[in-house]
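These are the residues of each chain, in order.
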Amino acid sequence: MSRYMVELPGGGCATDSEALSALAREARRRKVSYGMLVANTTEAERYAIIRDYCLEKRRKGRRAGNGD
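Q: Outline the nonpolar core, listing residues and values.
A: Across soluble globular proteins, nonpolar side chains show a tendency to be buried alongside one another. Among the nonpolar cores identified, the biggest contains 10 residues, and these are Ala-14, Ala-19, Ala-22, Leu-23, Ala-27, Leu-37, Ile-49, Ile-50, Tyr-53 and Cys-54. When near neighbours in sequence (up to four residues on either side) are disregarded, Tyr-53 contacts Glu-18, Ser-21, Ala-22 and Arg-25.

What follows is the structure, encoded as structure tokens:
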């Protein structure tokens, strides 16, 4: 079972890989380490980061697939 079981709008859940990628990207954006990000955010904030990352990733995927 995923440590970060984040349900996404429209069904489905974020994978472990997506969760780690989202948190690592956010840590780079904030210029802190991954560990500092996890230590200094609430579970709700981490879920929001992961959810937003997955939604953005899906939006970009749909846009790229429609370029006939």
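Q: Break down the environment of Tyr-53 for me, citing the residues and quoting the values.
A: You can see Tyr-53 is positioned in helix 3 (residues 43-65). Given a relative accessible area of 15%, Tyr-53 falls into the buried group. The spatial distance from the C-alpha of Tyr-53 to the C-alpha of Arg-25 is 9.0 Å, given a sequence separation of 28 residues.

Q: Quick rundown of helix 1 (residues 16-30)? Include the residues and the values.
A: Along an α-helix, residues three or four apart share an orientation, since each turn contains 3.6 residues. The end-to-end C-alpha distance of helix 1, which contains 15 residues, comes to 21 Å, matching closely the 21 Å that a straight helix rising 1.5 Å per residue would cover. What helix 1 keeps buried is the set Glu-18, Ala-19, Ala-22, Leu-23, Glu-26 and Ala-27. All buried residues of helix 1 fall inside an arc of 170° around its axis, so they share one side. Among the exposed residues of helix 1, those pointing more than 90 degrees away from its buried face are Ser-17 and Arg-28. Of the residues flanking the end of helix 1, it is Lys-31, one or two places downstream, whose phi is positive at about 60°.

Q: Kindly report on the pattern of salt bridges, identifying the contributing residues and their values.
A: Evaluation of the coordinates by the stated rule reveals 5 salt bridges. Here Arg-25 and Glu-56 are joined by a salt bridge, their closest N and O atoms 3.6 Å apart. With Arg-25 in helix 1 and Glu-56 in helix 3, the pair connects residues that are 31 residues apart, well separated along the chain. Owing to a relative accessible area of 35%, Arg-25 belongs among the partly exposed residues under this scheme. The closest approach of N and O atoms between Glu-26 and Arg-30, which form a salt bridge, is 2.8 Å. Of this pair, Glu-26 and Arg-30 both sit in helix 1, 4 residues apart, which is roughly one turn of the helix. A relative accessible area of 37% places Arg-30 in the partly exposed class. Three or more residues are tied together by salt bridges with common partners; here these are Glu-26, Arg-29 and Arg-30.

Basis of the calculations
Along each chain, residues carry numbers from 1 onward, in the same order as the chain's sequence is written. With pLDDT at 70 or above as the cut-off, local features in this predicted model cover only qualifying residues; side-chain atom pairs require 80 or more to be listed or tallied, and sums for whole chains, interfaces and linings still use all residues. Here the side-chain values reflect all heavy atoms present in the structure, with hydrogen atoms and water set aside. In this text, buried Ala, Val, Leu, Ile, Met, Phe, Trp, Tyr and Cys residues form a nonpolar core when linked through side-chain atoms within 4.5 Å. Type-normalised accessible area, obtained with a 1.4 Å probe on protein chains alone, sets the label of each residue: buried when under 20%, exposed when over 50%, and partly exposed for intermediate values. We call two residues in contact when some of their heavy atoms are within 4.5 Å. Each helix is a run of DSSP H or I of at least 4 residues and each strand a run of E of at least 2, with the numbering of both proceeding from the N terminus. What a helix is expected to span follows from its residue count: subtract one and scale by 1.5 Å. An arc is given here, and it is the one of the directions from the helix axis to the C-beta atoms. Any Lys or Arg side-chain nitrogen found within 4 Å of a carboxyl oxygen on Asp or Glu counts as a salt bridge.

Worth remembering: the numbers are spatial, not functional.
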